[in-house]
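# Coordinate analysis (summary)
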Amino acid sequence: MKLRAFHQAKWDEEVIFELSEKGERGILVPPVEKGIEDEVGDGISALPVSLRRQAPPALPEISQMRVLKHYLRLSQHTLGADLNVDIGQGTCTVKYNPKINDILAASPKAAELHPLQDESTVQGALEIMYRTDLFLRELSGLDRFSFQPASGSAAILAMASIIQAWHESRGEGASRDEVMTTIFSHPSDAAAAAVKGYKVVTIHQTEDGLPDIEALKRAVSERTAGLLITNPEDTGIFNPQIDEITGIVNAAGGLCGYDQANANGILGVTRAREAGFDMCFFNLHKTFGTPHGCGGPACGALGVSRSLSEFLPVPVVDLQGGTYTLRSDLKNTIGKVRSFYGVFPAILRAYAWIMSLGERGLREAANVAVLNNNYILEKVKKIRGASAPFAPGRHRIEQVRYSWEKMTKETGVTTEDVALRMADFGFHLWSSHHPFIVPEPFTIEPTESYSKAEIDEYLAALNKISGEAYEDPAKVKGAPYRSVVHRIDQAWFDDPAKWAITWRSYLKKHGKSV
Amino acid sequence: MSDDKPFIHPYIPNSLPEVKEQMLKEIGVRSLDELYADIPERLRFRGRMDLPEPLTSEAALKRHVETILGRNRSCAEALSFLGGGCWPHYVPAVCDEINRRSEFLTAYAGEPYEDHGRFQALFEYESLMAELVDMDVVNVPTFDWCQAASTSVRMAGRITKRAEALVVDTIGPDRLRVMENYCRGVMSLAPVRHDPVTGGMDLEDLAAKFTDNTAAVYFENPSYLGFLETQGQRIAGIAHARGGLCVVGVDPISLGILAPPGHYGADIVCGDIQPLGIHMNFGGGQGGFIATRDEQRFVMEYPSRLFGIAKTAVEGEWGFGDVAYDRTSFGVREQGKEFVGTAAALWGITAGVYLALMGPQGMRELGQHILQKSQYAAKAIARLPGVKAPRFQSPHFKEFVVDFSATGKTAVDINRALLGRGIFGGKDLGPDFPGLAGCALYCVTEVHTKADIDALAAALGEVVR
């Protein structure tokens, strides 16, 4: 497999404030019609002096094409999924985001809708939300969905909120103050529970990489409020005891929330219902092909069982006599977790994704994602210095957490070094969430979107870098060479005297020159 | 599923049977199902899902979705005066051009090397917002104003080590519900009354309720009801005198013309960036910002990513990266500040583009334009018999309360009649604010022409007659 002679664009582009030329304009504001000025004057005189801005904001002044060019250059300094074989950002499910779905979302019939319009004027939008809810019920086995959470973490927060409200409704709100999670579940499964005031109990893994079920049995008590867990976890190992785990927590009186942010390998194969969960959520920007947008806008579609449907955030969409309507009178609702109804463009794109694939296509996507992943597993295990800790000989689902521990011990080359060298070939390589339970971790998740030839090219880059690490480690440690910039001085990020989170702060602390 | 014909979908290259076979062989298994060996039969879903037949051709899919969307009537096909947390503003073409770029649209979480542009664009967003708000620190965007206000209050709680916050009772209703849920179990929120004549905060009520356990007072300027709070300095003074903080929510599009809250004593400023170059998207265009001074006690309490600028190994080269990463939940899970993750980064980049295009002159002219248009609209509506506008005796920015209660018609009746005339009237305030039954919140911006406003006034004249 030949590796392409990649070089990322490098425009040596200024920070935007350096482009300012006094008096230039990027866009003009329409003039106020004469009749208005006659009626109300300058508008400003109506304000007390204390509310008037005295000096204009020190924004740059730049003509339109130069602004455009600046941001286009920055876009070329960014490696989106559309341009690379984006399988190195494991856990993120970076798959194809169909262009037709972007076009549909950009339609004025979607983009120019106001959320407070009369329901009779938004029947199409409500229909899409309603039907997507029905689809996700089929995919999860649960009974009702809300699209309000604007990310996976927001959906976790909503699940923790429902756990809290449910126990409060039963008079146990104060006594049940602990939430269980596992170390290989997403950091937000722990952090969002803590936001709600819960004490977080984290179950670690046993030698086989799965959560220690005996430790969980010891940990649950009358203080247990609930469980927030992924499966497969970040290791990609499916936990066959998942129903036993939910059973333990349910028996202790807790509710079980399934973090299915990434359900890409098991869609249609196994569901939240069969595993005994009371709630789950799907990240539409992962499994359902809506774009990640550099980190949002997004949607964590939250589903619950019938007994919890009155706890969902409001409003939900109902169908009554052929008319779609927004309903807010849920008896135990947690209230709201975002303004309005969530990120509609993401819901619309997910609807189109499901409509394009159907049952067979969604199952095929899951199957091929698993096929691709196990193919990579076979190949990575043969790369010198790499390993796949836990569960030897077993297949994985959608991703694998690998390790460069052996390579680091033998050559000094770390995961970070490899990641920066991968940039020279036009690839991402992500380490893992903290803490690094697996030493020198890296996580690969191929999804269904990339061809075998593309996957082979990615593997060839890993092989090449492994070879370099053993023959010429300095080469890897000096990377990147063909990316946008060179090794960044980390000392600027943790020292309050040095850090500069804005340009004005940089000027105050460091003056004009670099 | 027993269909013999292979399912070749354009989104799934390796569904080709011969490729599959080759890959299975390399793995050393005979069938795809073997790869799921870890999933016990009792957990397998063997049923059929009730999903519609797929529309695998793009042409059919497009037609289907467009047919459904065709049942909507958008603000581009009507004359809309709706605001209330999502506002119609002109979106420059360059904003759409940038946020639809494949590179930004499909990027996620790469390193500050191959994703240098993502880091720089968001650092610049922080920097441009910082000038607008006149603060030294701005976060990578959170979900929306509701989340930004929630986190601002929680930050104030941690900074002051106090467990209560006071919230003005004219706050946006969605905001209050999000904040209440977000604080439940850790902090409590109590309302502060407003003056029924001016709409402004009742300072006596504030002074009486602000105790040694009060972390902060939160108010909005412009308020959710459109009027401007003119007592900012005194509100901040009361909070500071008792060792608390002042948190202010603001519509950033007003800040070319209105004093930024820091100028009247705000310690934490938050708000929504949707007005800055982002389409309304049925409420999907929201993004929240939080701004503070560059003091450790503030910076270390942000849950958000904070992108900073730095030197690299090459002289003259800019690099970017995460400031104080170890305060985040990415760094230390539940020991971090609240949580961080995917939120609204693409809208942040877009708002940066917007501010770069507008510049200081554009923001000032736009602010003045909106003031004049909304004052004109209020005046035109106030001429109608029995209609009071604005309801509160305070200056307003782009929104104002219209009181129809003396006309004998409800806001629902009026909006129904307006809809028949192709107009989306203002939001009915009665359900959220019992004291404002018969009132509606109208929003006027630069997208409205004088003719639009005159048409509204004429239609209202017919409706209330």
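Starting afresh in each chain, residues are numbered from 1 along the sequence in its written order. For naming, the first written chain is A and the first written ligand is 1, with later ones following in the order written. For a predicted model such as this one, the threshold for reporting local features is a pLDDT of at least 70, and the threshold for listing and counting side-chain atom pairs is 80 or more; totals across whole chains, interfaces and linings nevertheless cover every residue.

## So, the overall build of chain A
- When helices and strands are counted, chain A shows 15 helices and eleven strands.
- Atoms counted for the radius of gyration: C-alpha only. Globule rule: 2.2 Å times the number of residues to the power 0.38. The globule rule puts the C-alpha radius of gyration for 514 residues at 24 Å, and the 26 Å found for chain A is close to it.
- Each of the three principal axes of chain A carries a C-alpha extent, and together these read 80 × 65 × 45 Å.
- Around each residue's C-beta, the other C-beta atoms within 10 Å are counted; 20 or more make the residue buried, 12 or fewer make it exposed, and counts in between make it partly exposed. All C-beta atoms are placed from the backbone. For chain A, with 514 residues in total, the buried portion stands at 60%.
- A fraction of 73% describes how many contacts in chain A between residues 6 or more apart in sequence connect residues 24 or more apart. Here a helix means four or more residues in a row that DSSP labels H or I, a strand means two or more in a row labelled E, and each is numbered from the N terminus. Note on contacts: each residue gets a C-beta atom placed from the backbone, and two residues are in contact if those atoms are within 7 Å.

## Focus: unusual backbone geometry
Residues and elements named next belong to chain A.
- Each neighbour pair has its own omega, and for Val-314 with Pro-315 the value is 0°, a cis peptide bond.
- By secondary structure assignment, the location of Pro-315 is in the loop between β7 (300–304) and β8 (316–320).
- Omega for the bond connecting Ala-479 with Pro-480 falls within 30 degrees of zero, at 5°, which places this linkage in the cis form.
- Assignment of secondary structure puts Pro-480 in the loop between α14 (473–477) and α15 (503–510).
- Even without being glycine, Thr-447 reaches a positive phi, approximately 55°.
- Along the chain, Thr-447 falls in the loop between β11 (441–444) and α13 (452–471).
- Given 29 C-beta atoms within 10 Å, Thr-447 falls into the buried group.

## Comments concerning the pairing of strand β11 (residues 399–403) of chain B
- Counting buried positions over the five residues of β11 of chain B gives five, a clear majority of the element.
- Burial along β11 of chain B is two-sided: the residues Glu-399, Val-401 and Asp-403 of chain B and Phe-400 and Val-402 of chain B are all buried.

## Section: the interface of chain B and chain A
- If you look at the interface, chain B gives 180 residues, while chain A gives 181 residues.
- Among the elements that take part in the side of chain B that touches chain A, helix α12 (residues 345–382) of chain B stands out by supplying 25 residues, more than any other.
- Residues that form the side of chain B that touches chain A fall into these classes: 89 nonpolar, 48 polar and 43 charged. For this scheme, ten residues count as nonpolar: Ala, Val, Leu, Ile, Met, Phe, Trp, Tyr, Cys and Pro. Four count as charged, namely Asp, Glu, Lys and Arg, and the remainder, Gly too, count as polar.

## Here's the deal with the domain arrangement of chain B
Residue and element names in this part refer to chain B.
- Its domain assignment divides chain B into domain 1 (13–68), domain 2 (75–90 + 361–464) and domain 3 (93–354).
- The domain limits used here are those given by an automatic or database domain assignment. Between domain 2 and domain 3, the C-alpha centre-to-centre distance is 28 Å.
- Contacts between the two partners involve 24 residues from domain 2 and, on the opposite side, 25 residues from domain 3.
- Looking at the side of domain 2 that touches domain 3 element by element, the count peaks at six residues for α12.

## Details of the packing of helix α6 (residues 152–169) of chain A against helix α7 (residues 187–195) of chain A
Residue and element names in this part refer to chain A.
- To obtain each axis, a line is fitted to C-alpha atoms, and for helices this fit is confined to the stretch in contact; angles are then taken between N-to-C directions over 0 to 180 degrees. Remark: α6 packs on α7, axes separated minimally by 8 Å, with the N-to-C direction vectors making an angle of 50°. On the basis of the axis angle, α6 is oblique to α7. Helix-helix and strand crossings are classified by hand; for α6 and α7 the assignment is right-handed. Along the contact surface, α6 presents Gly-152, Ser-153, Ile-156, Leu-157 and Ala-160, while α7 presents Ser-188, Asp-189, Ala-192, Ala-193 and Val-195. Angle categories: roughly parallel below 35 degrees, roughly antiparallel above 145, roughly perpendicular from 65 to 115, and oblique for all the rest. Two helices crossing with the near one rotated counterclockwise from the far one by less than a right angle form a left-handed crossing, whereas a clockwise rotation gives a right-handed crossing.

## Describing α7 of chain A
- Across the nine residues that make up α7 of chain A, a large majority, nine, are buried.
- Those residues of α7 of chain A hidden inside the fold are in contact with α6, β2 (178–182), β3 (199–203), β4 (224–230) and β5 (255–260) of chain A together with α11 (329–332) of chain B.
- Positive backbone phi, at 90°, marks Gly-197 of chain A, one or two positions downstream of α7 of chain A.

## Some thoughts on the sheet that holds strand β8 (residues 288–292) of chain B
Residue and element names in this part refer to chain B.
- Paired strands, as defined in this entry, are two strands with at least two bridges between them according to DSSP. Reading across from one edge, β2-β8-β7-β6-β5-β3-β4 is the order of the seven strands in this open sheet, with mixed pairing throughout. The open sheet has two edge strands with one neighbour each: β2 (137–138) and β4 (188–192).
- Each of β3 (164–168), β5 (214–220), β6 (245–250), β7 (268–272) and β8 touches helix α6 (residues 145–160); the most contacted strand, β7, lies at about 165° to it.
- Relative to β6, helix α9 (residues 232–241) is tilted by about 145°, and along the sheet it contacts β5 and β6.

## Quick word on the sheet that holds β11 of chain B
Residue and element names in this part refer to chain B.
- Read from one edge to the other, the open sheet built from three strands follows the order β11-β14-β13, with strand pairing classed as antiparallel. In the strand order of this sheet, the two ends are held by β11 and β13 (427–428), each with one partner.
- Pairing analysis gives two bridges linking β13 to strand β14 (residues 439–443), with the strands arranged antiparallel. In the strand pairing of β14, Lys-427 is matched with Leu-441.

## Here we look at α12 of chain B
Residue and element names in this part refer to chain B.
- Under the 1.5 Å per step criterion, the end-to-end length of α12 is only 41 Å for 38 residues, more than 12% shorter than the ideal 56 Å.
- Fitting axes to the seven residues that end at a residue and to the seven that start at it, the angle between those axes gives the bend at that residue. The axis of α12 is deflected most strongly, by about 90°, at Gly-359, and proline Pro-360 appears within four residues downstream.
- Here α12 lies mainly inside the structure; 33 of its 38 residues are buried. By definition here, a helix of n residues has an expected span of 1.5 Å times n minus one.

## Regarding the nonpolar core
- The nonpolar core criterion groups buried Ala, Val, Leu, Ile, Met, Phe, Trp, Tyr and Cys residues into a set whenever they are joined through C-beta atoms within 7 Å. Residues Met-159, Ile-162 and Ile-347 of chain A together with Ala-216, Val-217, Tyr-218 and Val-247 of chain B are the most contacted members of the largest nonpolar core, which totals 331 residues.
- Considering each element in turn, this core owes the most residues, 21 residues, to helix α10 (residues 344–381) of chain A.
- Not counting chain neighbours up to four residues away, the residues in contact with Val-247 of chain B comprise Ser-152, Val-153, Ala-156, Ala-216, Tyr-218, Ala-266, Asp-267, Ile-268 and Cys-270 of chain B.

## Quick notes on the pairing of β4 of chain A
All names here are of chain A.
- Counting buried positions along β4 gives seven out of seven residues, so the element sits mostly inside the fold.
- In the sheet, β2 pairs with β4 via three bridges, with the strands oriented parallel. Directly across from Met-180, in β4, lies its bridge partner Leu-227.
- Relative to β5, β4 is paired through five bridges, and the arrangement is parallel.

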